[in-house]
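Remarks on the overall topology
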Amino acid sequence: MVRITSDILQSVVKPARYTGNEWNSVHKKWEDVSCHFALSMPDVYEVGMSNLGLKILYEILNNREDTWAERVYAPWIDMEEEMRSRNIPLYSLESFTELNKFDFIGFSLQFEMCFTTVLNMLDLSGINVWAKDRGDDEPFIIGGGPCVYNVEPVADFFDLFLIGEAEEALPELVEVFCEWKKEGRPNGRGEFLKRAARVRGIYVPSLYVPQYDEKGMYTGLQTIGEDTPPVIYKRIIQDMDSVATMERPIVPYIDIVHNRIMLELFRGCSRGCRFCQAGVAYRPVRERTESRLRELARKMIDVTGYDEISLTSLSSADYSCLGGLVDNLMNDFSCEKVGFTLPSLRIDSFSIDLADKMQQIRKSGLTFAPEAGTQRMRDVINKGVTEEDLLKATGAAFKKGWKTVKLYFMIGLPTETDEDVIGIAELAQKVVNHYKETTGRKDVKVTISVSCFVPKAFTAFQWFGQNTLEEFSRKQMLIKEHIKDRSIHYNYHDAHVSLLEGVLARGDRRLSGVIYSAWKNGSRFDGWTDQFDESRWTRAFEENNIDPAQYNIRERAFDEVFPWEHTTPGVSRAFLKHEYEKAVAESLTKDCRRGDCTGCGICQKLGVNIVDWGKERA
Ligand code: SF4
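Along each chain, the written sequence defines residue order, and numbers are assigned to residues from 1. The predicted nature of this model means local features are confined to residues of pLDDT at least 70 and side-chain atom pairs, given and counted, to a pLDDT of 80 or more, with totals for whole chains, interfaces and linings taken over all residues. The basis for the side-chain values is all heavy atoms of the structure; hydrogens and waters are excluded.

**Regarding the packing of aromatic side chains**
Aromatic rings from Phe, Tyr and Trp, taking only the six-membered ring of Trp, are treated as a pair when their centres fall within 6.5 Å; an angle between ring planes under 30 degrees marks them as stacked, one over 60 as edge-to-face, and anything in between as tilted. Going through the model one piece at a time under the given rule, you end up with 38 aromatic pairs. Residues W130 and Y516 carry aromatic rings whose centres are separated by 5.1 Å and whose planes lie at 40° to one another, so their mutual orientation is tilted. Note that W130 is positioned in the loop between helix 5 (115-124) and strand 4 (140-144) and Y516 in helix 17 (residues 512-520), a separation of 386 residues in sequence. Only protein chains enter the accessibility calculation, which uses a 1.4 Å probe; a residue whose area is less than 20% of its type maximum is buried, one above 50% is exposed, and one in between is partly exposed. In this structure W130 comes out as buried when scored by relative accessible area, which is 18%. Strands are runs of DSSP state E lasting at least two residues, helices are runs of H or I lasting at least four, and both sets are numbered from the N terminus onward.

In structure tokens form, the structure reads like this:
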């Protein structure tokens, strides 16, 4: 057991990150369980504690008598220094046990810029960072989360991955582990991994050997073992009402990113934005019933004392019974002063009316994501939002008293012209003008936040060559030059980070050496602007003789074999290609939720259906 003395805690910022023992954290006797599982987020406590997936798995695993799930997050730089200087290994927040004593360490991989932090956490735990070097007495390192739709760049650091939704698959994996352990761990960790590979949704990278041709182009995988599946399809929950979920969230002692109850209305989004990986990865839409949501809200309020519930989903305003749900929830908790928030707003006046009803904090303003500045560009990405929609929605908001609006855009999208880029500044100006016309006042603040587009695996734009640094920089300046009004505030993302994300998002297993070198060069917390150091990565690419442009800038041929296609959400390649062609033709694809199936193939491949309670009632 690790002991953290008060002098250490007094020398670091936010010491409560490292002390555990929060309300609703689960404590068991170490020797009473067969399986010790550390659930981790390769980021700081405040970020990790806000992750809904980890909260759900914490409860599901701890509801098993044979398993104790504990938590661990990445120590911030100051704590890492203390730990390294005093030889303190990374430890769990419940039992303060060294991580290398666990059976599993599960990392939730939310985005590619966390990869070096995973290596750093393994190293801090005294665990071999390369999976091939791990001995029988070391934990199994398992990855999950959105990055599993291309895990090849980090495949050599992990023993296994869980593809898709883990509520059912993770307990199945634990069963296999407990059985193998009961048998006396026959044939060491290799035997367990072989058995694990038979669990649907589990990918064991050491059983797959990537193949390349003489030009270095990836040609596919060779599987090892007779019953190793060539393709691993995501696991998916059909019935969101009956699946076990979070009912007793941990209440932290310090403020965290989402310091409120997260009530998950539904999974999936079928709007079909062509740039969006989550839109494909979580298909189809599956809603919880209103009665189940009210039951969950009641349970979680009663055991936490929270006074705020966030109605969480990829696109919460699309919940088919949202108006009725909000009315009923407000009624259910009218005596307890519980507030409700919608994390994302649709661009329509229905959302504004709801936000107004829920009395979201006006000071923080409203956020919309038109994503592109011109109608042509929005049609290319299938955003399905018009300028009229945006002006109507913002107009409705201005009439209700809002005067701060944040608009999210991307640059570097396929077929983009300078006119589309300048259109971002022009659209912001139209919103400002609309405020002045609607209210007769000038005290509006419109913030435009512009990110650099990163093409992702399993999207219609997976073939697209990312813009270069020069193109991104020129476009960023072009927008700046066209902003003429002081009411418009302009933020843009560091293109270096987006370009690196572009390499990792469509990379192959050869990038593991680069990630390792970058970590050795000092990289970690790469998603934090103040920690990211481009030069460490430049050196890492040079040290490994790898040209990043081959991964991010290069336009792929339609017949190219991709290194991510064996861990799949089930979408058909033909559908994605057709969507890319429709994008170039500026042609829209309808939302399949209420209309006809548009042929992505996921429902048929996985044997699941859309669950839309509004449609059922109609
Ligand atoms: S298979 Fe059809 S209905 Fe199902 S998510 Fe894909 S497009 Fe929608």
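**Some points on empty space enclosed by the protein**
Only protein atoms enter the 1 Å grid used here. Points where a 1.4 Å probe fits but cannot escape make up a cavity, open sets with protein on both sides within 12 Å along at least five of seven lines make up a pocket, and a residue lines them when an atom lies within 4 Å of a point. Grid points are joined across faces, edges and corners, and a volume is the space filled by probe spheres set on the points. Taken as a whole, this structure holds five cavities of 30 Å³ or more when the rule is applied. Within this model, the largest cavity holds a volume of roughly 140 Å³. Along the walls of the largest cavity sit 21 residues, with G272, C273, R283, F575 and E579 positioned nearest its centre. Taken together, the elements giving at least two residues each to the lining of the largest cavity come down to helix 8 (277-281) and helix 19 (573-584). By residue number, the principal contributor to the lining of the largest cavity is helix 19, which donates three residues. Ten residue types, Ala, Val, Leu, Ile, Met, Phe, Trp, Tyr, Cys and Pro, are classed as nonpolar, four, Asp, Glu, Lys and Arg, as charged, and the remainder, Gly among them, as polar. Class assignment of the residues belonging to the lining of the largest cavity gives a composition of eight nonpolar, seven polar and six charged.

**Observations regarding the site of the ligand**
For this purpose, a residue is taken to be near a molecule or strand whenever a single non-hydrogen atom of the residue falls within 4 Å of it. If you check the shell around the ligand, you find R283, P284, C592, C597, T598, G599, C600, G601, I602, C603, Q604 and I610 and nothing else. A per-class count over the shell around the ligand returns seven nonpolar, four polar and one charged.

**Describing the nonpolar core**
The criterion is simple. A nonpolar core is a set of buried Ala, Val, Leu, Ile, Met, Phe, Trp, Tyr and Cys residues joined through side-chain atoms within 4.5 Å. Counting residues in each nonpolar core, the largest one holds 131 residues, and the members touching the most others are F192 and F461. A total of nine residues in this core trace back to one element, the largest contributor, which is helix 6 (residues 166-182). Aside from chain neighbours lying at most four places away, what touches F461 is R274, F275, V380, I381, P414, F453, P455, R506, Y580 and A583. If you look at the next biggest cluster of nonpolar residues, it comprises 72 residues, including I56, F368, L407 and L499. Two residues form a contact once any of their heavy atoms are found within 4.5 Å.

**Some thoughts on helix 9 (residues 290-304)**
The end-to-end C-alpha distance of helix 9, which contains 15 residues, comes to 21 Å, matching closely the 21 Å that a straight helix rising 1.5 Å per residue would cover. Of all the residues in helix 9, the buried ones are E290, R292, L293, L296, A297, M300, I301 and T304. Each buried residue of helix 9 lies within a common arc of 160° when the element is viewed along its axis, so the set occupies one face. Turned more than 90 degrees off the buried face of helix 9, the exposed positions are S291 and D302. At the exit of helix 9 stands G305, carrying a positive phi of roughly 80°. Expected span, for any helix, means 1.5 Å times one less than how many residues it has. Taking the helix axis as origin, the arc is that swept by the directions to the C-beta atoms.

**Re the sheet that holds strand 13 (residues 308-312)**
Think of it this way: DSSP has to see at least two bridges between two strands before they count as a pair. On the basis of which strands lie adjacent, the open sheet formed by three strands has the order 10-13-14 and parallel pairing. Edge positions in the sheet fall to strand 10 (261-264) and strand 14 (339-341), since each has one partner strand and no second. Averaged over neighbouring strand pairs, the angle between their axes works out to 30° when direction is ignored. Where strand 13 and strand 14 come together, three bridges link them in parallel fashion. To get an axis, fit a line to the C-alpha atoms, keeping to the stretch in contact for a helix; angles then go from 0 to 180 degrees between the N-to-C directions.

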